[in-house]
2 protein chains.
Amino acid sequence: MRAEVRAVDGVPRLSEGDELGSYLPHDADVVAVASTAVSKVEGRVRPLDGFEPSERAESLAERNDADPRFTEAVLNESTELLIEEPFFLAVTRFGHVAPNAGIDRSNVEGDGNVVLLPEDPGESAGRIADTIGTPVVVTDTCGRAFRRGQTGVAVGWACIDAVRDWRGEEDLHGHELKATEEAVVDEIAGFANAAMGEGGGGTPAVAFYGVEAIVGSADDDTVFRREEDDIVRSALLDFKP
Amino acid sequence: MRAEVRAVDGVPRLSEGDELGSYLPHDADVVAVASTAVSKVEGRVRPLDGFEPSERAESLAERNDADPRFTEAVLNESTELLIEEPFFLAVTRFGHVAPNAGIDRSNVEGDGNVVLLPEDPGESAGRIADTIGTPVVVTDTCGRAFRRGQTGVAVGWACIDAVRDWRGEEDLHGHELKATEEAVVDEIAGFANAAMGEGGGGTPAVAFYGVEAIVGSADDDTVFRREEDDIVRSALLDFKP
Ligand SMILES: Nc1nc2c(ncn2[C@@H]2O[C@H](COP(=O)(O)OP(=O)(O)O)[C@@H](O)[C@H]2O)c(=O)[nH]1
Ligand SMILES: Nc1nc2c(ncn2[C@@H]2O[C@H](COP(=O)(O)OP(=O)(O)O)[C@@H](O)[C@H]2O)c(=O)[nH]1
Ligand SMILES: [Mn+2]
Ligand SMILES: [Mn+2]
Ligand SMILES: [Mn+2]
Ligand SMILES: [Mn+2]
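All values derive from a computational prediction rather than experimental measurement.

Draft legend 1. Looking closely at the coordination of the manganese ion (ligand 4). Residues and elements named next belong to chain A. At 2.1 Å from the manganese ion (ligand 4) lie its protein donor atoms, namely T141 (OG1) and E198 (OE). A distance of 4.9 Å spans the gap from the manganese ion (ligand 4) to the manganese ion (ligand 3). Taken as a pair, T141 in strand β8 (residues 136-142) and E198 in the loop between α5 (184-196) and β12 (205-209) lie far apart in primary sequence, 57 residues in all. In this pair, the class of T141 matches that of E198, namely buried.

Rendered as structure tokens:
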């Protein structure tokens, strides 16, 4: 593989209703787009004051020294908290596990606003892919278990395999492979995240060229683990710190 | 950022004592190398028959329908098991959390052999970096919590920041950033892993050009979370399935 990876320049500050696709190239093999940018054009920037804290939010906020309105936003966006203290690890309505349900306070106008993740990032990816005619991965910067630091992960994707299936292929010595499932969309999202940066770079999209081989046949699969397959999730729900 | 990412061709089947650096470019900003390749030249390919199962290995193997010799290898390479069943999630001697302590049965000659991870992948990365004069990341394909599929992660690195520190920098709107730590070596390892593939591609190294900005000042940091900061680890150790 010989790939070229270019941060997309020339994207303005985005607001609700902007046509994101009009700033993106049409000739890449995959385009990664920051969820923050998608959320902005989809009207998912919200004033904190719009969240009326429930009793549960008040009590969680107190235990975590958090803003009760922010806590309410996290509860609103999630189906379940896997960790309630000392931070919120939430399962979002679309099945992604993320601290604070992926709600951000950076790269949004005003002190009193938050950016929610897109309501259905897979659908968002599909819409953008339709507009530009190439596969799309919607990314977010996200923490993880066991390892320090955050990395870019895929929260939505379209026209690309989420997971590359290596079953049946052979290794260097002609044996069948044991490692069978590679989460290609996360590997793309991670490097795209590094190219975007976290700050005022103003580059919410990254175009990948020369990566046809990893795009695959766009099966309808996912990187979100099913609840019943996830031991770590069971352990967390069982755990009383 | 405008990066070029090239899988390195022309690497032969590697054996103990081979000079890995002699096959790698000297002009990249970062070179990622598969741990399997590093392990081979460092003599970390071992016959399964060399592992004499302890009582604990026999009992764990039985519970998991695993090979007792393989189980013994996993115990040997690790300081602790975070999950004992239905698979082994181990903390390696150098602090990395991985299924089976990262021990592989693919891309190694013979049916009765396994590839252990390098004993100290950070030291390996340093040695290769010295030889080729560029930053190095040693990668492995690894599973994770909450998300399906495996991705490439960094198990060792040299002459590059493991984590990029965004503290003090500003976002698009002049506010200080909240997201502060980006695990850049994992984002590089992930995309490198996609470029290498898992099979018989024979490309155990990937060169990155145009990524000076993310290499950083090579502080002495790590992506391995400290035990006392890791709630998920505590929950797993507490959990009786
Ligand atoms: N041009 C432009 N860039 C933006 C906008 N919002 C965010 N970005 C950029 O997108 C990249 C990722 O931003 P970030 O807040 O980390 O997004 P997230 O990872 O999806 O949460 C950074 O380079 C930001 O500067 C916007 O409205 N316009
Ligand atoms: N040329 C060459 N390639 C190898 C060798 N061993 C593994 N590879 C390649 O390195 C890449 C990664 O292999 P893999 O077994 O997945 O390594 P891991 O991810 O570190 O466990 C694949 O393209 C393999 O074909 C070797 O001895 N020589
Ligand atoms: Mn975010
Ligand atoms: Mn980000
Ligand atoms: Mn491996
Ligand atoms: Mn691999």
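Here the narrative resumes, following the displayed structure.
Draft legend 2. View of the nonpolar core. With 104 residues, the main nonpolar core has F191 and F208 of chain A together with F191 and F208 of chain B as its most contacted residues. When sequence neighbours within four positions are dropped, the list of residues in contact with F191 of chain B reads M1, A3, V5, E187, F191, F208, V211 and I214 of chain A together with V5 and F208 of chain B. Counting 24 residues, the second-largest nonpolar core is a separate cluster that includes I231 and F239 of chain A together with V97 and L236 of chain B.

Draft legend 3. Looking closely at helix α3 (residues 68-77) of chain B. All names here are of chain B. Burial runs high along α3: seven of the 10 residues are buried. Among the residues of α3, those classed as buried are F70, T71, E72, A73, V74, L75 and E77. Buried residues in α3 make contact with α2 (55-64), β4 (78-83), β5 (89-92) and β7 (113-115).

Draft legend 4. Molecular detail of the relation of the copies chain A and chain B. Between chain A and chain B, the superposition needs a rotation of 180° and an axial shift of 0.0 Å, giving an RMSD of 0.0 Å. Here the transformation between the copies is reduced to the relation of a two-fold axis. Taking C-alpha positions as reference, the residue of chain A nearest the rotation axis is E4 of chain A, located at 2.3 Å. Here 100% of the interface residues in chain A have copies in chain B that are interface residues too; the copies meet face to matching face.

Draft legend 5. Spatial organisation of the pattern of salt bridges. Applying the stated criterion across every chain, the model contains 37 salt bridges over all chains. Residue R233 of chain B pairs with E80 of chain B through a salt bridge whose shortest N-O separation is 3.4 Å. Here R233 of chain B, found in helix α7 (residues 231-238), pairs with E80 of chain B, found in strand β4; they are 153 residues apart in sequence, far enough to count as distant. Under the relative-accessibility criterion, R233 of chain B is labelled buried at 7%. For E80 of chain B, a relative accessible area of 23% corresponds to the partly exposed category. In this structure, the salt-bridge partner of R226 of chain B is E228 of chain B, at a minimum N-O distance of 3.9 Å. Each of the salt bridges in this network shares a partner with another, and the network as a whole consists of R56, R63, E84 and E85 of chain A.

Draft legend 6. Highlighting the side chain of D161 of chain B. All names here are of chain B. Within the secondary structure, D161 is located in the loop between β9 (151-158) and β10 (164-165). The side chain of D161 is buried and forms no salt bridge, while R164, the nearest opposite charge, is found at 7.1 Å. Engagement of the side chain of D161 in a polar contact is seen with the backbone nitrogen of A218, the distance being 2.8 Å. With sequence-adjacent residues up to four places away left out, D161 is seen in contact with V184, V185, V215, G216, S217, A218, D219 and D221.

Draft legend 7. A look at the environment of G10 of chain A. Looking at where G10 of chain A falls in the secondary structure, it is placed in the loop between β1 (2-7) and β2 (30-34). Separated by 74 residues in sequence, G10 of chain A and E84 of chain A have C-alpha atoms that sit 40 Å apart.

Draft legend 8. Local environment of the site of ligand 1. Residues and elements named next belong to chain A. In the region of ligand 1, 23 residues are neighbours, and V11, D104, N107, G199 and G202 sit closest. Here a nitrogen atom of ligand 1 sits 2.7 Å away from a polar atom, N or O, in the main chain of V11. In this structure, T141 approaches ligand 1 through a side-chain N or O atom, which is 2.8 Å from an oxygen atom. The fraction of the free accessible surface of ligand 1 (580 Å²) that becomes covered by protein chains is 98%. Going through the elements one at a time, α1 (35-41) and β8 are the ones with two or more residues in the shell around ligand 1. A breakdown of the residues in the shell around ligand 1 according to their chemical character gives seven nonpolar, 11 polar and five charged.

Parameters at a glance
- All residue numbers refer to positions counted from 1 along the written sequence of the respective chain.
- To label them, take the chains in the order written and letter them from A, then take the ligands in the order written and number them from 1.
- With pLDDT at 70 or above as the cut-off, local features in this predicted model cover only qualifying residues; side-chain atom pairs require 80 or more to be listed or tallied, and sums for whole chains, interfaces and linings still use all residues.
- Only hydrogens and water are set aside; all other atoms, that is, all heavy atoms of the structure, feed into the side-chain values.
- Sodium, potassium and calcium take a 3.2 Å donor cutoff, other metals 2.8 Å, and in both cases only N, O and S atoms count; water is not among them, so sites may look incomplete.
- Counting from the N terminus, the helices are DSSP H or I runs at least four residues long and the strands are E runs at least two residues long.
- Burial classes: relative accessible area under 20% of the type maximum marks a residue as buried, over 50% as exposed, and values in between as partly exposed (1.4 Å probe, protein chains only).
- Side-chain atoms within 4.5 Å link the members of a nonpolar core, which is a set of buried Ala, Val, Leu, Ile, Met, Phe, Trp, Tyr and Cys residues.
- Note on contacts: a residue pair is in contact if any heavy atoms of the two residues lie within 4.5 Å.
- The copies are overlaid by a least-squares fit using only the C-alpha atoms of residues whose pLDDT is at least 70 in both copies.
- Salt bridge, as applied in this entry: a Lys or Arg side-chain nitrogen positioned within 4 Å of an Asp or Glu carboxyl oxygen.
- Note that His is not counted, nor are the chain ends; the positive residues are Lys and Arg, and the negative ones are Asp and Glu.
- Two N or O atoms form a polar contact when they lie within 3.5 Å of each other; inside protein one atom must be a possible hydrogen donor and the other a possible acceptor, and for residues adjacent in sequence the pair counts only when both atoms belong to side chains.
- One heavy atom suffices: a residue is near a molecule or strand as soon as one of its heavy atoms comes within 4 Å of it.
- Note on areas: Shrake-Rupley with a 1.4 Å probe; residue coverage comes only from the protein chains shown.
- Residue polarity is assigned by list, with Asp, Glu, Lys and Arg as charged and Ala, Val, Leu, Ile, Met, Phe, Trp, Tyr, Cys and Pro as nonpolar; anything else, Gly included, falls into the polar class.

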